[in-house]
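Single-letter residue listing:
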Amino acid sequence: PFLIKLLTHPTFIEGTCWTTFIDDSPELFALIGSQNRAQKLLAYLGDLAVNGSQIKGQIGEPKFKGEIIKPELYDSAGKKVDCSESCQKGWRNIIQKEGPEGFAKAVRANKGCLIMDTTWRDAHQSLLATRVRTVDMLNIARETSHAYANAWALECWGGATFDVAMRFLYEDPWDRLRKMRKLVPNIPFQMLLRGANGVAYSSLPDNAIFHFCEQAKKNGVDIFRVFDALNDVEQLEVGVKAVIKAGGVAEGTVCYSGDMLNPHKKYNLEYYMNVVDKIVKMGAHVLGIKDMAGVLKPRAATMLIGAIREKYPDLPIHVHTHDSAGTGVASMIACAQAGADAVDTAIDSMSGMTSQPSVGAVLASLEGGPHDPGLDGHLVRQLDSYWAQVRLMYSPFEAGLTGPDPEVYEHEIPGGQLTNLIFQASQQGLGEQWAQTKKAYEQANDLLGDIVKVTPTSKVVGDLAQFMVSNKLSYNDVLAKADQLDFPSSVLEFFEGLMGQPYGGFPEPLRTQALRDRRKMDKRPGLYLDPVDLVQVKKNLKEKWGDATECDVASYVMYPKVFEDYKKWTAKYGDLSVLPTRYFLARPEIGEEFHVELERGKVLILKLLAVGPLSEQTGLREVFYEMNGEGRTVTVEDKH
Ligand code: 3PY
Ligand code: ZN
């Protein structure tokens, strides 16, 4: 079939085929069939043996390269939990039986404050550059279904995981979702949806958001946390409507910024109550409070949740925070006491600092009292021994955080971005620059009109801050030279209105001076965008890749280039999600035997035998592996 495809390929027929044609047309390889999956895997392992890992963002090798030991679970009575099967009992049964409205009622009737575990999404997004791979979640999925059986949800999809899965891990996010779903049938799955941006970084046509939510619901998402980075309710409404249409639980979310306790700050209780009123009117089933930077102080939490609870006694309230300042546990307890129905935590060894507060700490604080989350803390703690090992395996993606940063109350940098910026500063070895960046971030925020900062608007502020630091521009310089400065593209997109409308309007004359001849949108961007022709997209993808699912269409619409690159990669190396992380990130030792389960029951036993000498003429090396007892050779370009 490969030869036929080659001979009938338009480029080949046209005669414009050159020697790099095969390299440049990896789609040809997609058609070869599954029989050479093993050979493709060897191509990756050969490359790894010669060139080391090329995964973007990876610095060095994992600190832990041993076999990850899975815990056996024993409940608090000392009884062994049978994890050969997934647990079947949980809140998902209620969603399936009673629908989103029934779920909302049942949650309000529940006495305790439930826990959402974020380990599979925000925790690793905030600590490990979103690099945790599917296999490491699947390996602990059945145990998780037991230990977290009474959890509100597992947050496991959306946000940056969608993009990073394809872009850096060469995994299909939809495949991840389906595989996790199979092993965790009982706990609701929650995803993060950036309102009219979907899981992308700026607005998409409305029909793309509706199509995306439909696929997400069909493939396993139950609860959708929908936010807009500017709390622009029109942008938010697109997402909430799409979720309701898809049959999901819509968690309409208000992003918390600033300090409500400070009377001089822009976002006060009245502002938040006004956004909440609009979210309720939209028909959201649940209200989310998203404290993306971890600046919701315990006293503010009491005030905000208390006011919402009083006004809306039937509305489920779910609170999200980050532990950047070290006050996350105290804030979540304050939320529970003020009437929140669910709060977010992460497994202990994946918690703290820019991640969510520790589940163990929150459980210890609430267990036995009126807000007891109803989880067996003993079981949850046993899962932690697994995650402690996984975290060490992903050490090449650690940002080197050393402790809490209460300065977050001033700079208000969201958790995930804080990790990124610290990492960048430490890479440049410039402690001084980090202090400047934080200061510049505050000033950039002021210049932009003190906006709500979360993806994608946090990137706008971060880009402007870095632009100011690298060009040595003060706050006043930016104002004085705005009509000549070459602003970062994200700043111009924000000023154009591509991310929605900020509360209080755009800062003038800065906006006009920065935009010059560029357009200004004063309504939500979706009203200016033509619908995507989804049928045509599918047709094009089918022509190019031989097959295309609705999920592929949704991936392509969110990230056309990332999706194409992902397809090219898998055409060359196959589906690497089956490869244990230790061999995805680092070369095996010579003589080290390891196993890869290509599919159920099809196990490859591999051993790296030798790496041959470099051929000066070709720049290539031969790599010798043993596969199921037979010698195999791969020829690899030495990129050093
Ligand atoms: C995301 O949008 O990915 C976020 O996590 C925002 O907090
Ligand atoms: Zn978050």
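Residues numbered from 1 in each chain as written. Chains lettered and ligands numbered in written order. Predicted model: local features only at pLDDT ≥ 70, side-chain atom pairs only at ≥ 80, totals over all residues. Heavy atoms only, no water.

Novice: Which parts of the structure should I look at to understand the sheet that holds strand E7 (residues 317-320)?
Specialist: Strand pairs in the sheet, formed through backbone hydrogen bonds, run parallel or antiparallel to each other. One closed barrel holds the 8 strands; their spatial order is E1-E2-E3-E4-E5-E6-E7-E8, and the pairing between them is parallel. Within this sheet the neighbouring strands show an average axis-to-axis angle of 30°, counted without direction. With 4 bridges joining them, strand E4 (residues 223-226) and strand E5 (residues 249-255) adopt parallel strand pairing. Bridge pairing in E5 links Ile223 to Val249. Each of strand E1 (114-117), E4 and E5 is contacted by helix H6 (residues 91-109), which is oriented at about 70° to E5, the strand it contacts most. (Pairing = 2+ DSSP bridges. Helix = DSSP H or I, 4+ residues; strand = E, 2+ residues; numbered from the N terminus. Axes fitted to C-alpha atoms, helices over the stretch in contact; angles between N-to-C directions. Contact = heavy atoms within 4.5 Å.)

Novice: What's the story with the side chain of Glu155 in this structure? I'm lost.
Specialist: Relative to the helices and strands, Glu155 is located in strand E2 (residues 153-158). Among the residues examined, Glu155 registers a relative accessible area of 1% and is labelled buried. A distance of 3.5 Å separates the side chain of Glu155 from the backbone nitrogen of Asp122, its partner in a polar contact. Not counting chain neighbours up to four residues away, the residues in contact with Glu155 comprise Met116, Asp117, Thr118, Trp120, Arg121, Asp122, Gln190, Leu192 and Arg225. (Buried < 20%, exposed > 50% of the residue type's maximum accessible area, 1.4 Å probe, protein only. Polar contact = N/O pair within 3.5 Å; in protein donor to acceptor, adjacent residues only side chain to side chain.)

Novice: Please clarify how the site of ligand 1 should be interpreted in this entry.
Specialist: Taken together, the neighbourhood of ligand 1 is formed by Arg121, Gln125, Gly159, Ala160, Leu192, Arg194, Phe227, Lys290, Met292, Val454 and Thr455. One of the backbone N or O atoms of Ala160 is found 3.4 Å from an oxygen atom in ligand 1. A distance of 2.7 Å separates an oxygen atom of ligand 1 from a polar atom in the side chain of Lys290. Residue composition of the shell around ligand 1, by class: 5 nonpolar, 3 polar and 3 charged. (Near = heavy atom within 4 Å. Nonpolar A, V, L, I, M, F, W, Y, C, P; charged D, E, K, R; others polar.)

Novice: Got a minute to help me understand the pairing of strand E10 (residues 602-611) in this structure?
Specialist: Strand residues, when the strand is regular, have side chains that alternate between the two faces of the sheet. In the sheet, strand E9 (residues 593-599) pairs with E10 via 6 bridges, with the strands oriented antiparallel. Note that in E10 the partner of Glu599 across the bridge is Lys602. The turn linking E9 back onto E10 is made up of 2 residues, and Gly601 within it adopts a positive phi angle of 85°. Examined bridge by bridge, E10 and strand E11 (residues 620-627) share 5 bridges and lie antiparallel to one another. Following the sheet pairing, Leu606 is matched in E11 by Met627.

Novice: Can you help me understand the coordination of the zinc ion (ligand 2) in this one?
Specialist: Octahedral metal centres with six donors ideally show angles of 90 or 180 degrees, and tetrahedral centres with four donors ideally show 109.5 degrees. The protein atoms that coordinate the zinc ion (ligand 2) are Asp122 (OD), His320 (NE2) and His322 (NE2), at distances of 2.0 to 2.1 Å. Written as a sequence motif, the donor arrangement for the zinc ion (ligand 2) is D-x197-H-x1-H. (Donors = N, O, S within 2.8 Å, 3.2 Å for Na, K, Ca; no water.)

Novice: Would you take a moment to explain the pattern of salt bridges for this structure?
Specialist: The final tally for this structure, using the stated rule, is 40 salt bridges. With a shortest N-O distance of 3.3 Å, Glu143 and Lys70 are connected by a salt bridge. Highlighted residues: Glu143 in helix H9 (residues 141-147) and Lys70 in the loop between helix H5 (37-51) and H6, separated in sequence by 73 residues. The exposure class of Glu143 is buried, given its relative accessible area of 6%. Between Arg133 and Glu171 there is a salt bridge, and its shortest N-O distance comes to 4.0 Å. A residue pair is termed long-range when its members are at least 10 positions apart, and Arg133 in the loop between helix H7 (119-127) and helix H8 (134-138) and Glu171 in the loop between helix H10 (161-167) and helix H11 (173-183) qualify at 38 residues. When sorted by exposure, Arg133 lands in the same class as Glu171, which is buried. Here the residues in one salt-bridge network are Lys265, Glu412, Asp450 and Lys453, joined through shared partners. (Salt bridge = Lys/Arg side-chain N within 4 Å of Asp/Glu carboxyl O.)

Novice: It is not clear to me how unusual backbone geometry should be interpreted in this structure. Could you clarify?
Specialist: Only a minority of non-glycine residues have a phi that is not negative, and only a minority of peptide bonds are not trans. That bond from Thr455 to Pro456 is cis: its omega, 5°, falls within 30 degrees of zero. Structurally, the position occupied by Pro456 is in the loop between helix H21 (431-447) and helix H22 (457-470). The phi dihedral of Met353 is positive, around 50°, even though this residue is not glycine. Checked against the element boundaries, Met353 lands in the loop between strand E8 (342-345) and helix H17 (359-366). The exposure class assigned to Met353 is partly exposed, which follows from its relative accessible area of 24%.

Novice: Any chance you could explain the packing of aromatic side chains here in plain terms?
Specialist: Aromatic ring pairs are reported here in terms of the distance separating the ring centres and the angle at which the planes meet. Applying the stated criterion to the full structure yields 27 aromatic pairs. Summarising the aromatic geometry, the rings of Trp91 and Phe103 are spaced 6.0 Å apart at their centres and angled 85° between planes, so their arrangement reads as edge-to-face. Here Phe103 falls in the buried class, since its relative accessible area comes to 0%. Measuring from centroid to centroid gives 3.5 Å for Tyr170 and Trp569, while their planes differ by 5°, and the two rings are stacked. Of the two residues, Tyr170 is situated in the loop between H10 and H11 and Trp569 in helix H28 (residues 560-573); the sequence distance between them amounts to 399 residues. By the burial criterion, Tyr170 is buried, and Trp569 matches it. Among the aromatic residues, those joined into a ring-pair cluster are Tyr44, Tyr170, Trp569, Tyr573 and Phe584. The ring of Tyr409 carries the charged tip of Lys297 above its face, separated from the ring centre by 4.9 Å. (Phe/Tyr/Trp six-rings, centres within 6.5 Å; stacked < 30°, edge-to-face > 60°. Lys NZ or Arg CZ within 6 Å of the ring centre and 35° of its normal.)

Novice: What exactly am I supposed to notice about helix H27 (residues 550-558) here?
Specialist: Given 3.6 residues per turn, any residue in an α-helix points the same way as the ones three and four places further on. With 7 of 9 residues buried, H27 lies mostly within the body of the structure. Among the residues of H27, those classed as buried are Cys551, Asp552, Val553, Ala554, Ser555, Val557 and Met558. Contact partners of the buried residues in H27: H10, H11, helix H12 (206-218), helix H26 (534-545) and H28.

Novice: Hey, could you run me through the sheet that holds E11 in this one?
Specialist: An order of E9-E10-E11-E12 is seen for the 4 strands of this open sheet, with the pairing classed as antiparallel. The two strands at the open ends of the sheet, each matched to only one other strand, are E9 and strand E12 (630-637). Direction aside, neighbouring strands of the sheet carry axes that sit 35° apart on average. Sheet topology note: the E11/E12 ladder contains 8 bridges and is antiparallel. Note that in E12 the partner of Phe624 across the bridge is Thr633. Its contacts with the sheet put H5 on E9, E10, E11 and E12, and the angle it makes with E12 is roughly 60°.

Novice: What's the story with H21 in this structure? I'm lost.
Specialist: The terminal C-alpha atoms of H21, which comprises 17 residues, lie 24 Å apart, in line with the 24 Å expected from a rise of 1.5 Å per residue. Every buried residue belonging to H21 is among Trp434, Thr437, Lys438, Ala440, Tyr441, Ala444, Asn445 and Leu447, and all of these are buried. In the segment just after H21, Gly449 is the residue with positive phi, at about 100°. (Expected span 1.5 Å × (residues − 1).)

Novice: Sorry, what's going on with the packing of H12 against H27 here?
Specialist: The angle between the axes and the distance between the axes are what describe a pair of packed helices. Put simply, H12 and H27 touch, their axes get as near as 10 Å, and they point 135° apart. Classed by the angle they form, the pair H12 and H27 counts as oblique. Seen along the crossing, H12 lies across H27 with a hand that is left-handed. Each of Ala208, Ile209, His211, Phe212 and Gln215 in H12 lies in contact with H27, whose residues at this interface are Glu550, Cys551, Val553, Ala554, Val557 and Met558. Grouping the constituent residues of the contact of H12 with H27 by class yields 8 nonpolar, 2 polar and 1 charged. (Parallel < 35°, antiparallel > 145°, perpendicular 65-115°, else oblique. Left-handed = near helix turned anticlockwise from the far one by under 90°.)

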